[in-house]
Each structure stands twice: as structure tokens, then as C-alpha cells.
Amino acid sequence: MIEIKRLDKNNQQDFIEFNRVIADNLQNSKWFIPFSQENLLHTFDEGSSLVVYGAFVDGVLACISLFDMNWAEFEEVALAVGVDKKRKGAELGGCMVKPTFRGKNLMFEVNKALISVAKDMGIEYFVATAHPDNVASNRSLQKLGMEQKKTIIRCGEYLRNVYFLEL
């Protein structure tokens, strides 16, 4: 059975462990911009700018994705595609699937749920990034209807395709 739901403080340890498993099993470490330890510990704090959803398969957290409404976190990406702070937007990110659950369309379903939630919150657009060589991530974003706008060096070191989706 597959259940898609919003994660909260009760899922914090699962979230931290999930990130460790993903980082330990990457084909290419350049594909993932890791969460800082502080972000991992405060993702579910009251007032957090993050909305995190997960897909549970038979009770096991198999996939996570999130969006971040903190302009300072995604300003570089938004400005790269020509969106300014006047519009209410968010960055879709943290899109990860445990290796044993890949190829089951989980990311698409979780991201569809996030889009619905974002629309309900009045968010006008999503930006997202993916390493150009990460075929699965790029395809997943395109499947959502996101349009690749350009390629940038993010945070001074991470090569990324930049995507945009009008909600």
C-alpha cells in the first residue's frame, strides 16, 4: 500500500536517516546539495518555510520531496529565470527516492501532491534545479510540466539545470 502524506516533527528521525541513506547511495555526489545539520534538525520546527511530503510504501518512507518558501534560499534560482520577490513562489527540491523504490512513479505522485498544496497556499510558481547528468531528476521535473530555462552554477559550485513552473 502507498500512502502520500505531509511529514511533521514525528517523522524527523526518519527524515534525517532518509537523507543519510540517499547521500550514502548516490551515483554521483555532485547530484545532491546536502542539507546542513541545522536544516535537518529544524525542518519541522514551527514557522519553518519548508513543506515536506513523503510516500510510504507498506509503512516504509520510500520517497520525499519538499518546497521551500524562503526567498533567501531560492533567490539565486528565481532571479536566474527572471522571477522577482514581488511574486509568491517556492523552490521544489529535496526530491529523493530510496534506491529500492526507484522506478515506481513515487516522485511524480508526491510532487503532484505538493503542487496541489502550494496552489492552495497561494503560491504562484515553482522553481527547481537538477544536475544536468541526473537523467531521472530532469525527467521527473519535465513530467510535472516544468520547463528548463537555463543552466547555472548554484552556490558557486553546483552545476544545475534550472526549471520553472507557473502554478
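Residues numbered from 1 in each chain as written. Predicted model: local features only at pLDDT ≥ 70, side-chain atom pairs only at ≥ 80, totals over all residues. Heavy atoms only, no water.

## Notes on the overall build of the protein chain
A count of helical and extended segments in the protein chain gives 5 helices and 7 strands. Expressed as lengths along the three principal axes of its C-alpha atoms, the size of the protein chain is roughly 40 × 35 × 30 Å. Taking all 167 residues of the protein chain together, the buried fraction comes to 47%. Taking the contacts inside the protein chain whose residues are at least 6 apart along the sequence as the reference set, 70% of them involve residues at least 24 apart. Roughly 8,700 Å² of accessible area belongs to the protein chain as shown, and the carbon and sulfur atoms make up 47% of that amount. Both charge centroids of the protein chain, one from 20 positive and one from 22 negative side chains, sit 5 Å from each other. (Helix = DSSP H or I, 4+ residues; strand = E, 2+ residues; numbered from the N terminus. Buried < 20%, exposed > 50% of the residue type's maximum accessible area, 1.4 Å probe, protein only. Contact = heavy atoms within 4.5 Å. Areas by Shrake-Rupley, 256 points an atom, 1.4 Å probe, with all protein chains shown as cover. Lys, Arg positive; Asp, Glu negative; His and termini not counted. Charge placed at Lys NZ, Arg CZ, Asp CG, Glu CD.)

## Overview of the side chain of K98
Of note, K98 is situated in the loop between β4 (89-97) and α4 (106-120). For K98, the side chain forms a polar contact with the main-chain oxygen of L61, separated by 3.1 Å. Excluding residues within four positions of it along the chain, K98 makes contact with F18, V21, I22, V60, L61 and A62. (Polar contact = N/O pair within 3.5 Å; in protein donor to acceptor, adjacent residues only side chain to side chain.)

## Here's the deal with the sheet that holds strand β2 (residues 50-57)
Strand order in the open sheet made by the 7 strands is β1-β2-β3-β4-β5-β7-β6, with mixed pairing throughout. Two strands close off the open sheet at either side, each with one partner strand: β1 (2-6) and β6 (147-154). If you compare each strand with its neighbour and ignore which way they point, the axes differ by 25° on average. Bridge count between β1 and β2: 5 bridges; the pairing is antiparallel. Among the inter-strand pairings, K5 is bridged to a residue of β2, identified as G54. Lying on the sheet, helix α5 (residues 135-143) is in contact with β4, β5 (125-130) and β7 (158-166); it crosses β5 at an angle near 160°. (Pairing = 2+ DSSP bridges. Axes fitted to C-alpha atoms, helices over the stretch in contact; angles between N-to-C directions.)

## Focus on the packing of aromatic side chains
Considering all chains together, one arrives at 5 aromatic pairs under this definition. Judged by centre distance (5.4 Å) and plane angle (50°), the rings of F67 and F126 are tilted. With F67 in strand β3 (residues 60-68) and F126 in strand β5, this residue pair connects regions lying 59 residues apart in the sequence. Take F67 and F126: they sit in the same class, and that class is buried. Ring plane angle 25° and centroid distance 5.7 Å describe the contact between Y125 and F164, whose orientation is recorded as stacked. (Phe/Tyr/Trp six-rings, centres within 6.5 Å; stacked < 30°, edge-to-face > 60°.)

## So, the side chain of Q12
Inspection of the secondary structure assignment puts Q12 in helix α1 (residues 12-24). Only 3.4 Å separates the side chain of Q12 from the backbone oxygen of L40, close enough to count as a polar contact. A distance of 2.6 Å separates a polar side-chain atom of Q12 from the backbone oxygen of L41. Aside from chain neighbours lying at most four places away, what touches Q12 is L40, L41, H42 and F44.

## Observations concerning the pattern of salt bridges
Applying the stated criterion across every chain, the model contains 8 salt bridges. Between D24 and R20 there is a salt bridge, with its nearest N and O atoms 2.5 Å apart. Of this pair, D24 and R20 both sit in helix α1, 4 residues apart, which is roughly one turn of the helix. On the accessibility criterion, D24 (52% relative accessible area) is exposed. Measuring nitrogen to oxygen at the nearest pair gives 2.3 Å for the salt bridge that ties E166 to R87. Placement of the pair is E166 in strand β7 and R87 in the loop between α3 (71-80) and β4, with a sequence separation of 79 residues. With relative accessibility at 47%, the residue E166 sits in the partly exposed group. You can call R87 partly exposed: its relative accessible area is 27%. (Salt bridge = Lys/Arg side-chain N within 4 Å of Asp/Glu carboxyl O.)

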